[in-house]
Amino acid sequence: MPSFSHFLHTFFSSKNLFIDAALLTLKLTVVSILIGILFGLFFALLKISRIKVLEYISNAYVFLVRGTPLIVQIFILYFGFSGIFLIPDFWAAALALAFHNGAYIAEIFRGTIQSIDKGQMEAARSLGMTRGLAMRRIILPQAFKRALPPLGNQFIIGLKDSSLAAFISMNELFNVSTTLGSNNFDEMTYLLIVAVYYLVLVAVLTMLVSLFEKRLAVSDQ
Amino acid sequence: MKAREMIKIENLQKSYGSLHVLKDINMTVYESEVVCLVGASGSGKSTLLRCLNFLEKRQGGRISIRGEEINPEANNINNIRQTVGMVFQHFNLFPHKTVLENVIEAPVMVKKIPKDQAIAEAKELLQKVGLLDKANVYPSKLSGGQKQRVAIARSLAMKPDIMLFDEPTSALDPQLVGEVLATMKELADEGMTMVVVTHEMGFAREVADWIVLMDDGKIIERNRPYEFFDHPKEQHTKEFLQATMLK
């Protein structure tokens with residue numbers, strides 16, 4: 001184990017490289033979660049569409065993503081995409097992560113949409129709203145609010161999972177730490193440093209999510 | 001002048017799987033009439049009411065609204081629902097919207113009424129149900145009786161010709177029942193056509209033009225209130241009244 005003073009010294013001397021990497025990690029996470037939310041919403045709506053074919057498509061998507069390791073998905077998308085057309089590394093990684101997160105988010109949305117009392121849909125329909133309008137104006141806002149805690153959780157998982165993008169040579173946090181560690185023959189110090197960065201990012205995210213939850217909770221008070 | 005037929009039900013059949021819930025129902029409701037549907041739980045009265053708003057699919061028979069036969073597959077069901085308001089046992093207010101937002105939601109989003117006008121009309125309705133001071137609070141802050149009055153205002157905002165009430169006071173604390181019934185009575189006095197599923201025999205006796213007793217998916221007796229309560233035709237009605245009054 002490195003001494004504490006060595007750790008601190010290395011921490012500060014490497015901070016520029018790590019901050020760049022942390023920003024890339026954050027960008028990768030935010031982009032992949034946002035696209036993942038779109039994927040998730042889309043497949044959740046397919047799943048509750050009451051149209052068998054669409055339901056099967058959604059089930060197949062969730063089955064494929066849940067049934068295979070993320071690293072395999074990243075490699076398939078990265079090498080698969082780059083074989084067909086040129087795609088920047090960042091977007092290959094972001095899309096792979098989005099595709100992965102989307103499946104879990106789809107399940108979150110499906111669960112929360114179905115947890116909304118069916119009287120809400122009936123009341124909306126009885127006022128002359130179409131199913132689509134009722135979904136958009138009445139069901140989804142409530143479902144989204146209920147989805148926030150599990151979504152925040154998925155956000156944190158997504159942040160940590162983004163470390164796997166290191167394997168397709170993204171210079172995100174984990175990659176920078178292992179590269180610096182092996183270049184300086186000091187793996188443990190850099191691994192401890194990167195752990196601190198992840199902890200800080202997760203702490204900030206957790207705070208943001210709970211702030212957001214509180215703001216949305218106005219109608220419950 | 002002959003009163004208009006607002007609702008005409010002919011040979012209505014409804015089943016859930018093998019369970020036959022409505023067995024050949026025939027009933028007509030004329031303009032400005034108040035019809036109270038009474039009967040034991042499971043007698044089919046709520047299902048009948050929900051068929052009138054097409055929240056339940058029927059398996060047979062015809063339903064006409066204002067003289068026009070409605071085929072839920074072919075007609076634009078959303079237009080018909082705008083003329084038939086519905087109030088639910090559990091209020092079903094939209095919890096993420098304030099009282100005022102609950103009331104203007106459908107006029108603005110469905111009828112495309114300008115928001116200013118919708119707000120002005122909503123405030124009038126809230127005044128009418130005595131809740132104008134609650135316009136900007138969320139439903140979670142209201143008592144059950146207040147929630148139900150907001151739900152009534154929300155339905156009225158679509159300017160329906162017919163109002164359906166599905167056990168509107170059954171989920172309320174006893175001391176809150178009166179305020180909701182008073183609002184409904186006021187509505188009836190203004191000439192609204194109403195079909196009310198209820199266990200409130202006092203209300204039925206005072207406000208209804210007709211009382212319809214249902215049992216086992218069939219209409220047992222349809223009668224004027226004073227006849228129904230004081231000189232029931234059917235043995236079953238007598239038994240029902242006896243059981244109800246004993247409670």
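Above this text you will find the structure in question.
Attention in this report is confined to the structure presented alongside it. Note that the structure is a prediction, hence the values are computed from the model and not measured. (Residues numbered from 1 in each chain as written. Chains lettered and ligands numbered in written order. Predicted model: local features only at pLDDT ≥ 70, side-chain atom pairs only at ≥ 80, totals over all residues. Heavy atoms only, no water.)

## Digging into the nonpolar core
Logical step 1: Of all hydrophobic cores here, the largest spans 51 residues; its most connected members are Ile7, Ile9, Leu12, Leu37, Leu48, Ile65 and Leu164 of chain B.
Logical step 2: In this structure, Val87, Leu172, Leu187 and Phe228 of chain B belong to the second largest nonpolar core, which totals 49 residues. (Core = buried A, V, L, I, M, F, W, Y, C linked by side-chain atoms within 4.5 Å. Buried < 20%, exposed > 50% of the residue type's maximum accessible area, 1.4 Å probe, protein only.)

## Some thoughts on the interface of chain B and chain A
Logical step 1: Contact with chain B, which involves 26 residues of that partner, is made by 22 residues of chain A.
Logical step 2: Summed over both sides, the interface between chain B and chain A buries roughly 2000 Å², with carbon and sulfur atoms accounting for 58% of that surface.
Logical step 3: The largest per-residue losses of area from chain B upon contact with chain A belong to Phe94, His96 and Met109 of chain B, which jointly make up 24% of the total buried on that side.
Logical step 4: Between chain B and chain A we count six residue pairs in polar contact (both at pLDDT 80 or more) in total.
Logical step 5: Elements that contribute at least two residues to the side of chain B that touches chain A include exactly helix H2 (77-83), strand E6 (84-87), helix H3 (99-109) and helix H5 (144-156) of chain B.
Logical step 6: Broken down by element, the residue count for the side of chain B that touches chain A peaks at four residues, all from H2 of chain B.
Logical step 7: Of the residues that constitute the side of chain B that touches chain A, the class distribution is 13 nonpolar, seven polar and six charged. (Contact = heavy atoms within 4.5 Å. Buried area = accessible area lost by both parts, 1.4 Å probe. Polar contact = N/O pair within 3.5 Å; in protein donor to acceptor, adjacent residues only side chain to side chain. Helix = DSSP H or I, 4+ residues; strand = E, 2+ residues; numbered from the N terminus. Nonpolar A, V, L, I, M, F, W, Y, C, P; charged D, E, K, R; others polar.)

## Quick word on the environment of Val194 of chain A
Residues and elements named next belong to chain A.
Logical step 1: Examined against the element boundaries, Val194 turns out to sit in helix H9 (residues 187-216).
Logical step 2: Residue Val194 is classed as buried on the basis of its relative accessible area, which comes to 4%.
Logical step 3: C-alpha separation for the pair Val194 and Thr178, spaced 16 residues apart in sequence, amounts to 9.2 Å.
Logical step 4: Not counting residues up to four positions away in its chain, the partners in contact with Val194 are Phe18, Leu173, Phe174 and Ser177.

## Considerations on the layout of surface pockets
Logical step 1: Of the pockets and cavities examined, the largest pocket occupies roughly 730 Å³.
Logical step 2: If you go around the largest pocket, you meet 24 residues; those closest to its centre are Arg50, Met121, Glu122, Arg125 and Arg131 of chain A.
Logical step 3: At the level of secondary structure, the elements contributing two or more residues to the lining of the largest pocket comprise helix H5 (89-115), helix H6 (118-126) and helix H7 (131-161) of chain A together with H2 of chain B.
Logical step 4: No other element matches the four residues that H6 of chain A contributes to the lining of the largest pocket. (1 Å grid on protein atoms, 1.4 Å probe; cavity = no way out; pocket = protein on both sides within 12 Å on 5 of 7 lines; lining within 4 Å. Points joined across faces, edges and corners; volume = space filled by probe spheres on them.)

## Points about the side chain of Thr28 of chain B
Logical step 1: Inspection of the secondary structure puts Thr28 of chain B in strand E2 (residues 19-30).
Logical step 2: Those residues in contact with Thr28 of chain B that sit more than four places away from it in its chain are Glu5, Ile7, Lys8, Glu33 and Arg222 of chain B.

## What to know about the packing of aromatic side chains
All names here are of chain A.
Logical step 1: Enumeration according to the criterion identifies 14 aromatic pairs over all chains in this entry.
Logical step 2: Aromatic pair Phe18 and Tyr190: ring centres 6.4 Å apart, planes at 20 degrees, arrangement stacked. Remark: Tyr190 occurs in helix H9 and Phe18 occurs in helix H2 (residues 15-47); sequence separation between them is 172 residues.
Logical step 3: On the basis of relative accessibility, which here comes to 7%, the residue Tyr190 falls in the buried class.
Logical step 4: Judged by centre distance (5.1 Å) and plane angle (70 degrees), the ring pair of Tyr61 and Phe99 falls under edge-to-face. (Phe/Tyr/Trp six-rings, centres within 6.5 Å; stacked < 30°, edge-to-face > 60°.)

## With respect to the pairing of E6 of chain B
All names here are of chain B.
Logical step 1: Along E6, one buried face is formed by Val84 and Met86 and the opposite face, lined by Gly85 and Val87, is buried too.
Logical step 2: Bridge count between E6 and strand E7 (residues 162-166): four bridges; the pairing is parallel. Residue pairing across strands places Gly85 opposite Met163, the latter belonging to E7. (Pairing = 2+ DSSP bridges.)

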